[in-house]
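Structural overview
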Amino acid sequence: MFYYLLKYVLLGPLLRLVFRPRIEGLEHVPSSGAAIVAGNHLSFSDHFLMPAVLKRRITFLAKAEYFTGPGLKGRLTAFFFHSAGQIPVDRSGKEAGQAAIREGLGVLSKKELLGIYPEGTRSHDGRLYKGKVGVAVMALKAGVPVVPCAMIGTFEAQPPGRKIPRIRPVVIRFGEPLKFSRYAGMENEKAVLRAVTDEIMYAILSLSEQEYVDQYAADVKAAEAERRTAEERRRGPRMPLR
């Protein structure tokens, strides 16, 4: 109930006013039955913009940190994400990935739409990064189509670290559903999972026209953080100003 209150009364109209989204290819999203909507992830706003424009309810796998914050703010954030149909996912380690797949398959078993960002995290620089194979596992195990989606302009509207988005138009573009019935029963084959995931990422890339990086976003972020730390150590402590 609160999901639809957010969508049609509290949040949806505000998002349409701020971002003035142009929606392309909405007819590619199935009107019924289970399907995965796989998109690029450029901004915190993505979590809310896509559900606001879809005619059907969609459930996203969201990072667990949104649900575990301390204090009143943390509890309010957790309540908001739960109410908006988000499922918390612990992204640390292999077992966590299996838990995310189980949660996603649970959504699909109810003939619902599942939203997922195959990159696993937001892009920190606006580029599209290598996809993780969890989306392929779910698509093959559930036997459902994958609708690629590109968010365009949300990075400029609300890049990482910016709390209040800029008022500017964005484009939300859906592509034709990708079907993988030719790989039925092969969800344990690593080469197949990589091929399916790469096909999904290529479809997203074709829609978004981003620059592509054949590395995982989390690895690139970690490497850049290590480089900054090493540079700070080389510089040494700053002398206090007198």
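Description of the structure in this document. Model, not experiment: these values are computed from the prediction.

Some details on the layout of surface pockets
Considered as a void within the structure, the second largest pocket measures approximately 610 Å³ in volume. Lining the second largest pocket are 26 residues, and of these F44, F48, Q158, R162 and K163 lie nearest its centre. Where the lining of the second largest pocket is concerned, the elements lending two or more residues are α2 (12-19) and α4 (71-83). It is α4 that provides the largest number of residues to the lining of the second largest pocket, a total of five residues. Each residue belonging to the lining of the second largest pocket can be placed in one class, and the counts come to 14 nonpolar, six polar and six charged.

Thoughts on the pattern of salt bridges
Applying the stated criterion to the full structure yields eight salt bridges. R127 is the partner of D125 in a salt bridge, and the nearest nitrogen-oxygen pair spans 2.9 Å. Residue class for D125 comes out partly exposed when judged on its relative accessible area of 28%. Residue R227 pairs with E231 through a salt bridge whose shortest N-O separation is 3.4 Å. Remark: E231 and R227 occur in helix α9 (residues 217-235); sequence separation between them is four residues, near one turn of the helix. On the accessibility criterion, R227 (42% relative accessible area) is partly exposed. On the accessibility criterion, E231 (24% relative accessible area) is partly exposed.

Focus on the pairing of strand β8 (residues 171-174)
Inspection of the sheet shows strand β1 (residues 22-24) paired to β8 by three bridges, in the parallel sense. Across the sheet, residue R22 finds its bridge partner in β8, namely V171. Where strand β7 (residues 146-152) lies against β8, four bridges are found, and the strand directions are antiparallel. In the sheet register, A150 faces β8, and the bridge partner there is R173.

Things to note about unusual backbone geometry
Positive phi, normally seen in glycine, also occurs at R20, with a value near 45 degrees. We classify R20 as partly exposed; its relative accessible area is 47%.

Topic: the nonpolar core
For soluble globular proteins, nonpolar side chains are generally found buried alongside one another. Ranked by size, the top nonpolar core spans 32 residues in total, and within it I36, L61, M138, F180 and I200 carry the most contacts. Mapped by element, the contributors of at least two residues to this core are β2 (35-39), β4 (86-89), α5 (94-109), β5 (113-116), α6 (134-142) and α8 (190-208). Counting residues per element, this core draws most heavily on α8, at eight residues. Discounting residues that sit within four places of it in the chain, L61 has contacts with I87, V89, A100, E103, G104, L114, G115, I116 and M138.

Description of the sheet that holds β4
Spatial strand order, β1-β8-β7-β2-β5-β3-β4: seven strands in an open sheet with mixed pairing. The outermost strands of the open sheet, each flanked by one partner alone, are β1 and β4. Sheet twist, expressed as the average angle between the axes of neighbouring strands with direction ignored, equals 25 degrees. As judged from the four bridges shared by β2 and β7, these two strands associate in the parallel manner.

Thresholds applied
Residues numbered from 1 in each chain as written. Predicted model: local features only at pLDDT ≥ 70, side-chain atom pairs only at ≥ 80, totals over all residues. Heavy atoms only, no water. 1 Å grid on protein atoms, 1.4 Å probe; cavity = no way out; pocket = protein on both sides within 12 Å on 5 of 7 lines; lining within 4 Å. Points joined across faces, edges and corners; volume = space filled by probe spheres on them. Helix = DSSP H or I, 4+ residues; strand = E, 2+ residues; numbered from the N terminus. Nonpolar A, V, L, I, M, F, W, Y, C, P; charged D, E, K, R; others polar. Salt bridge = Lys/Arg side-chain N within 4 Å of Asp/Glu carboxyl O. Buried < 20%, exposed > 50% of the residue type's maximum accessible area, 1.4 Å probe, protein only. Pairing = 2+ DSSP bridges. Core = buried A, V, L, I, M, F, W, Y, C linked by side-chain atoms within 4.5 Å. Contact = heavy atoms within 4.5 Å. Axes fitted to C-alpha atoms, helices over the stretch in contact; angles between N-to-C directions.

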